[in-house]
Amino acid sequence: MGDFDQCLEISSERRQIKGKYCLGTLYINIDEASGAVSEILLRKVNLFAQKKYSFQDQYPVASYPSFGICVPNGCNEQDLQHIVASFNLTFPLPFECQTFDDANPPLTTKAWCVIGFFVVIIGLMVGSTAYDLHCRKSYKVKQLSGQLDDKIMRVASEPQHAILVAFSVYSNGKKLFKTQRNASELACLNGIRVLSMVWVLAGHSVSVTVSGPVSNALDVLEYLDSTKSMIFVSAVHSVDTFLMVTGLLVVYSHMKAQENGTKFKLLVFYFHRYLRLTPPFLAAILVSMALLQYMGSGPHWSFIVNYFQVFCEKSWWSALLYFQNYINVNQWVSKACFRR
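Overview of the structure.

What counts and what doesn't
Residues numbered from 1 in each chain as written. Predicted model: local features only at pLDDT ≥ 70, side-chain atom pairs only at ≥ 80, totals over all residues. Heavy atoms only, no water. Helix = DSSP H or I, 4+ residues; strand = E, 2+ residues; numbered from the N terminus. Buried < 20%, exposed > 50% of the residue type's maximum accessible area, 1.4 Å probe, protein only. Pairing = 2+ DSSP bridges. Contact = heavy atoms within 4.5 Å. Axes fitted to C-alpha atoms, helices over the stretch in contact; angles between N-to-C directions. Parallel < 35°, antiparallel > 145°, perpendicular 65-115°, else oblique. Left-handed = near helix turned anticlockwise from the far one by under 90°. Nonpolar A, V, L, I, M, F, W, Y, C, P; charged D, E, K, R; others polar. Patch = residues over 30% accessible without salt bridge, like charges linked within 9 Å, V, L, I, M, F, W, Y side chains within 5 Å. Areas by Shrake-Rupley, 256 points an atom, 1.4 Å probe, with all protein chains shown as cover. Salt bridge = Lys/Arg side-chain N within 4 Å of Asp/Glu carboxyl O. Disulfide = S-S within 2.5 Å.

Here we take up unusual backbone geometry. Even without being glycine, Tyr-322 reaches a positive phi, approximately 60 degrees. Along the polypeptide, Tyr-322 turns up in the segment after α15 (301-320).

Written out as structure tokens, the structure reads:
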């Protein structure tokens, strides 16, 4: 009925015809379905309706049957409904159509601003890394020439202006990939982190797969309702292990600070936590709001964009204030930016 990429590549300047891919979706109400719908389709919809959890709310793309059709860009909604009627369907279908220009939109001002922001960050990383390496090299040269003894070298080997190396890939990379242990480290948490990360990745991989267009949605639904899928279906609880580790480390650090005589300041604590969590979170929000629509294409890509971009545009402020779990709590989970 028309491959997406092949359809959009159709172009005839002489006849002024371009391809337009239209996706039709069967939003079926089981109580109103008529004899025009096949028995297999009714069985599928009925199975959706019988489930204890709302599969259609969680995975709307996979829940409803859909089909794609490639038509000339001059075809309108009425023409598409005539095509539907030729399949002996007695009810109209909603269509979502895309042309090549729709699937490849130009960069907006918002997108250019976000790109500029990331270019500035990359520039800071390059400059900070260059300064860091220059300082280390100059100190090394002085040591080899005998201008610095070992005792002074240990103090002077690190760059003296910490703020100038805050974006250094070299220094931060050494800290990130450091494998040496110290006496105060809770080594047992490393195993929990690894297991949690694997669990999170596995759960998200399955979730993304079943939430997209699948040809065997009935089999997917039956699998998700079986005990075999328990480790993936319950992967949402893997995030709780990170919360546990975070809470444990916060308490552990607080107790160590008290032992050293450091006074606990609540505002400083929250400010420090906000600075640690927000930069990568802000980057994810900016990408979702301004660049996500340019990072893919396909019949269902608009659903993915709406899932993240549209709602992040409306509720980014609640996400940056970490109130997103309390906004629109009675609505579908995607109606808040990065809700957890």
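Anyway, onward from the coordinates.
What follows concerns the pairing of strand β2 (residues 17-25). Counting buried positions along β2 gives 7 out of 9 residues, so the element sits mostly inside the fold. Here strand β1 (residues 11-12) pairs with β2 via 2 bridges, running antiparallel. Paired with Ser-11 across the bridge in β2 is Lys-18. Linking β1 back to β2 in an antiparallel pair, the connection comprises 4 residues, with Gln-16 at a positive phi of about 55 degrees. As judged from the 7 bridges shared by β2 and strand β3 (residues 66-72), these two strands associate in the antiparallel manner. Counterpart to Lys-20 in the pairing with β3 is Val-71. Here β2 pairs with strand β4 (residues 95-98) via 4 bridges, running antiparallel. Across the sheet, the residue bridging to Leu-23 is Glu-96, located in β4.

So, about the environment of Phe-242. Among the structural elements, Phe-242 can be located in helix α13 (residues 238-259). Each C-alpha atom, one on Phe-242 and one on Ile-192, is 8.6 Å from the other, the two residues being 50 residues apart in sequence. In this structure, Phe-242 is in contact with Arg-193, Ser-196, Met-197 and Val-200, ignoring residues within four places of it in sequence.

The next point concerns the packing of helix α14 (residues 266-291) against α15. Packing of α14 against α15 brings their axes to within 9 Å, and their N-to-C directions diverge by 160 degrees. Between α14 and α15, the angle falls in the class roughly antiparallel. Both α14 and α15 take part in a crossing whose hand is left-handed. Contacts between α14 and α15 involve Tyr-274, Thr-278, Phe-281, Leu-282, Ile-285, Ser-288 and Met-289 on the former and, on the latter, Phe-308, Gln-309, Cys-312, Glu-313, Trp-316, Ala-319 and Leu-320. Among the residues making up the contact of α14 with α15, the classes are represented as 10 nonpolar, 3 polar and 1 charged.

On the surface, a nonpolar cluster with roughly 600 Å² of combined accessible area is contributed by Val-120, Ile-122, Leu-124, Met-125, Val-126, Phe-167 and Val-169. Residue contributions to the nonpolar patch peak at 5 residues, all from helix α7 (residues 109-144). As for its placement among the helices and strands, Val-169 is situated in helix α9 (residues 169-176). Residue classification places Val-169 among the partly exposed residues on the basis of a relative accessible area of 46%.

Next up on the list: the state of the cysteines. Counting across every chain of the model gives 2 disulfides. Shown here is the disulfide that connects Cys-7 with Cys-70, its sulfur atoms set 2.1 Å apart. Judged by the torsion about the S-S bond (90 degrees), the Cys-7/Cys-70 disulfide is right-handed. Pair noted here: Cys-7 is in helix α1 (residues 4-8) and Cys-70 is in strand β3, with a separation of 63 residues, a long-range link. Relative accessible area serves as the criterion here: at 26%, Cys-70 is assigned to the partly exposed category.

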